Amino acid sequence: AGLVLIGARSRATEEYRITVGRILRTLRTGRAGRAGTGNLLMVTSARPGEGKSFSALNLAASIAQNGLAEVLLVDVDGKRRSISAELGLGGRSGLLDLAADPSLRPETVVVKSAVDGLSVVPHGTSAGEAGVRAASASAGTGVTRAVGIAIERLGRRFPHHVVMLDTAPCLSTSDPSALAPLVDGTVVVVEAQRTQKSELEAALDLVRACPNVTLVLNKIQLVERHSFGSYYYFDEAP
């Protein structure tokens, strides 16, 4: 699913390690003076195809493998090639099932990964999605509200985890905007040389309710050999 090789030092792994340090400091800042769980981190982008899910997976794995915190990676994006599908969890109960059934215990939808400290909550089943829509219609609330309640339940149930939400792009659906007031930090993935300034500004405006936003520049084309991480023990002979 695009996970950077665990245990090997490379430019990519070192860049993610530095990035997660900044993100976790921002998340701690976002907790100060706010009600709520204090451990919710949303990953989004302005438009599809910028590497949002790839970044969410590798940021989560980097936090876990470096022992910075345990991570619960939640698939909030119901796209066809979602993290759930790429990890072979497309048919598993997940977030939508938790949102549809308040009596369901949060831990029952958590799937442990082979990476120590990293677990995944799949997007959920079609039955769960139908249940969410029916319950939302009956209560007169939106689907995102039911999903938001389920996310808050996960945050409270796993207070010592970073609960990372892989959310749809800001300019594709209203989900990031609706979830922004609930989370303590937001990571916006930006594709180098493709995302327009106007698109990024529009995306940032939609998540402005979140107290802390970090931008991650992705897909940079390096033109110099001697860049960060090119020292000989990063895949080069001495």
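Residues numbered from 1 in each chain as written. Predicted model: local features only at pLDDT ≥ 70, side-chain atom pairs only at ≥ 80, totals over all residues. Heavy atoms only, no water.

**A few points about the overall build of the protein**
Okay, so step 1: Per the secondary structure count, the protein includes eight helices and seven strands.
Okay, so step 2: Burial statistics for the protein: of 238 residues in total, 47% are counted as buried.
Okay, so step 3: Of all intrachain contacts in the protein linking residues separated by at least 6 positions in sequence, the fraction that spans at least 24 positions is 81%.
Okay, so step 4: Carbon together with sulfur atoms contributes 51% to the accessible area of the protein, which is approximately 11900 Å² in total. (Helix = DSSP H or I, 4+ residues; strand = E, 2+ residues; numbered from the N terminus. Buried < 20%, exposed > 50% of the residue type's maximum accessible area, 1.4 Å probe, protein only. Contact = heavy atoms within 4.5 Å. Areas by Shrake-Rupley, 256 points an atom, 1.4 Å probe, with all protein chains shown as cover.)

**A word on the sheet that holds strand β6 (residues 185-191)**
Okay, so step 1: The seven strands lie next to each other as β3-β4-β2-β5-β1-β6-β7, forming an open sheet whose pairing is mixed. Since the sheet does not close on itself, it has two edges, and those belong to β3 (111-112) and β7 (213-218), each with one partner.
Okay, so step 2: With six bridges joining them, β6 and β7 adopt parallel strand pairing. The partner of V187 across the bridge, within β7, is T214.
Okay, so step 3: On top of the sheet, helix α2 (residues 52-65) reaches β1 (40-45), β2 (70-75), β4 (118-121), β5 (161-166), β6 and β7; it is set at about 170° to β5, its chief contact. (Pairing = 2+ DSSP bridges. Axes fitted to C-alpha atoms, helices over the stretch in contact; angles between N-to-C directions.)

**Focus on the pattern of salt bridges**
Okay, so step 1: Following the criterion strictly, the structure yields eleven salt bridges and no others.
Okay, so step 2: Note that E15 is salt-bridged to R11, the shortest N-O span being 3.0 Å. A residue pair is termed a helical-turn pair when its members lie 3 or 4 positions apart in one helix, as E15 and R11 do in helix α1 (residues 11-31) at four residues.
Okay, so step 3: R11 sits in the partly exposed class, given a relative accessible area of 31%.
Okay, so step 4: For E107, the salt bridge goes to R105, with nearest N and O atoms at 3.4 Å.
Okay, so step 5: Under the relative-accessibility criterion, E107 is labelled partly exposed at 26%.
Okay, so step 6: Connected through shared salt-bridge partners, K52, D77 and D166 make up one network. (Salt bridge = Lys/Arg side-chain N within 4 Å of Asp/Glu carboxyl O.)

**Some details on the pairing of β1**
Okay, so step 1: Burial analysis of β1 places six of its six residues in the buried class, which makes it a mostly covered element.
Okay, so step 2: Summarising the sheet, β1 and β5 pair through four bridges and their orientation is parallel. Within β5, the residue paired with L40 across the bridge is V163.
Okay, so step 3: Where β1 and β6 come together, five bridges link them in parallel fashion. Across the sheet, residue V43 finds its bridge partner in β6, namely V187.

**Examining the packing of aromatic side chains**
To describe a pair of aromatic rings, one takes the distance between the centres and the angle between the planes.
Okay, so step 1: With the rule as written, the count across this model stands at one aromatic pair.
Okay, so step 2: Directly above the aromatic system of F158 lies the positively charged group of R157, at a separation of 5.2 Å from the ring centroid. (Phe/Tyr/Trp six-rings, centres within 6.5 Å; stacked < 30°, edge-to-face > 60°. Lys NZ or Arg CZ within 6 Å of the ring centre and 35° of its normal.)

**Overview of the nonpolar core**
Okay, so step 1: In terms of nonpolar packing, the biggest core is built from 29 residues, with L72, V74, V76, L95, V121, I151 and L154 touching the most fellow members.
Okay, so step 2: For this core, the secondary-structure elements that each account for two or more residues are β1, β2, α4 (95-100), α6 (143-157) and β5.
Okay, so step 3: The element contributing the most residues to this core is α6, with five residues. (Core = buried A, V, L, I, M, F, W, Y, C linked by side-chain atoms within 4.5 Å.)

**Concerning helix α8 (residues 197-206)**
Okay, so step 1: Within the sequence span of α8, burial applies to E199, L200 and A203. Taken around the axis of α8, the buried residues stretch over an arc of 95°, which confines them to a single face. (Arc of directions from axis to C-beta.)

**Quick look at the environment of G185**
Okay, so step 1: Residue position: G185 is located in strand β6.
Okay, so step 2: It is 6.3 Å that separates the C-alpha atoms of G185 and C210, two residues lying 25 residues apart in sequence.
Okay, so step 3: Setting aside its immediate chain neighbours within four residues, G185 contacts L27, L40, L41, M42, C210 and N212.

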